[in-house]
Amino acid sequence: MVVSWVIIPILGIGMIAAIQNVTDANGFRMGWQGIPVYLSAAGVIGRVAHCKVVLDDTALTVVNFFRTHRVPREAIREVAVADGGTLEIRLGEDRVVPVFAFGGSVIDHFRGTSERALQEIDAWRRSTPSEGTILPADPQVRWTRCRSADLCLASAVVLAVSGGIWMALTSG
């Protein structure tokens, strides 16, 4: 998350400078087109930064780009790091939930984050839930919601479409 808090503003400052330069050279008619590009990039970066793994008393929650999986402790057969370095939650019957937050990046290669996450999840699996905890029955899958990223992507589409219509109507 911290990376997105740094990258998105820096990207925004760069985009403002680029829009200003294009506007100075070619007018606002061309310069505004950088705004939907920035909003799209911010939306994609926000979705990537939103990926995570959450452990609670009863289940492991994997938040990926588009899908969120809530997997009860008992449904997990194995946790492993794939050949490419991606952390995987194996549920049996050839069902695997990849964890994009631990996707085998260059950073992971040097810091071993996937391996540490694997060890933490294994320790969590061996622990016992609190007394009186209601255990969920089956894994649940839903669409991942990331309001800020989705708002950026929707704004990019609206701005691109309305700007395209504006340019078509005002072309002479």
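Counting restarts for each chain, with residues numbered from 1 along the sequence as it is written. The predicted origin of the model limits local features to residues at a pLDDT of at least 70 and limits the giving and counting of side-chain atom pairs to 80 or more, whereas totals for whole chains, interfaces and linings rest on all residues. Remark: hydrogens and water are excluded; side-chain values derive from all non-hydrogen atoms of the structure.

## Describing the pattern of salt bridges
As a working rule, side chains carrying opposite charge can pair if their charged atoms are close by. Short version of the rule: By convention in these notes, a salt bridge is any Lys or Arg side-chain nitrogen within 4 Å of a carboxyl oxygen on Asp or Glu. Working definition: with a 1.4 Å probe on protein chains only, accessible area under 20% of the residue-type maximum means buried, over 50% means exposed, and in between means partly exposed. Only runs of H or I of at least four residues qualify as helices and only runs of E of at least two qualify as strands under DSSP, and these elements are numbered from the N terminus.
Under the definition given, this model contains five salt bridges. Ionic pairing is found between glutamate 88 and arginine 90, a salt bridge with its closest N-O pair at 2.9 Å. Owing to a relative accessible area of 26%, arginine 90 belongs among the partly exposed residues under this scheme. Note that aspartate 122 is salt-bridged to arginine 125, the shortest N-O span being 3.5 Å. Note that aspartate 122 and arginine 125 are positioned in helix H5 (residues 113-126) at a spacing of three residues, about one turn of the helix. One continuous salt-bridge network, built from bridges that share partners, spans Glu78, Glu88 and Arg90.

## Concerning the packing of aromatic side chains
Our working rule: For this analysis, a ring pair means two rings from Phe, Tyr or Trp (six-membered ring only for Trp) whose centres lie within 6.5 Å, classed as stacked if their planes differ by under 30 degrees, edge-to-face if by over 60, and tilted for the remaining angles. Here, over-ring charges are defined by two tests on the NZ atom of lysine or the CZ atom of arginine: distance to the ring centre within 6 Å, and angle to the ring normal within 35 degrees.
As enumerated under the stated definition, the model contains two aromatic pairs in all. Ring geometry for phenylalanine 65 and phenylalanine 66: centres 6.4 Å apart, planes at 55°, overall tilted. The exposed category is assigned to phenylalanine 66, whose relative accessible area is 54%. Members of the aromatic cluster, each reached through a chain of ring pairs, are Phe65, Phe66 and Phe100. If you follow arginine 29 out to its NZ or CZ, it ends over the ring of tryptophan 166, 5.7 Å from the centre.

## Topic: the sheet that holds strand S4 (residues 78-81)
Strand-to-strand pairing in sheets goes through backbone hydrogen bonds, with the strands running parallel or antiparallel. The line we're drawing: Pairs of strands are assigned from DSSP output, requiring at least two bridges between the strands. Geometry is summarised by axes, namely lines fitted to C-alpha atoms with helices restricted to the contacting stretch, and by angles between N-to-C directions that run from 0 to 180 degrees. By definition in these notes, contact holds between two residues if any of their heavy atoms fall within 4.5 Å.
The three strands are arranged S4-S5-S6 in an open sheet whose pairing can be described as antiparallel. Both edges of this open sheet fall to S4 and strand S6 (95-103), since each of them pairs with a single strand only. Between one strand axis and the next, the sheet turns by 25° as a mean value, whatever way the strands run. The pairing of S4 with strand S5 (residues 86-92) spans four bridges and is antiparallel. When the sheet's bridge partners are listed, alanine 80 is paired in S5 with glutamate 88. Those strands touched by H5 are S4, S5 and S6, and its axis lies near 170° from that of S4.

## Thoughts on the environment of leucine 87
Positionally, leucine 87 belongs in strand S5. The exposure class assigned to leucine 87 is buried, which follows from its relative accessible area of 0%. Leucine 87 sits eleven residues away from proline 98 along the chain, and the two C-alpha atoms are 6.1 Å apart. Those residues in contact with leucine 87 that lie beyond four places of it in its chain are Val79, Ala80, Val81, Val97, Pro98, Val99, Phe102, Ser114, Ala117, Leu118 and Ile121.

## Here's the deal with the sheet that holds strand S3 (residues 67-72)
Strand order in this open sheet of four strands is S1-S2-S3-S7, and the pairing throughout is antiparallel. Looking at strand neighbours, the two that pair on one side only are strand S1 (52-55) and strand S7 (140-143), the edges of this open sheet. Each neighbouring strand pair of the sheet contributes to a mean axis angle of 15°, computed without reference to strand direction. Here five bridges tie strand S2 (residues 59-63) to S3, and the two strands are oriented antiparallel to one another. Within the sheet, the bridge partner assigned to alanine 59 lies in S3 and is proline 72. Strand contacts of H5: S1 and S2, with the helix running at about 20° to S1, the strand carrying the most contacts.

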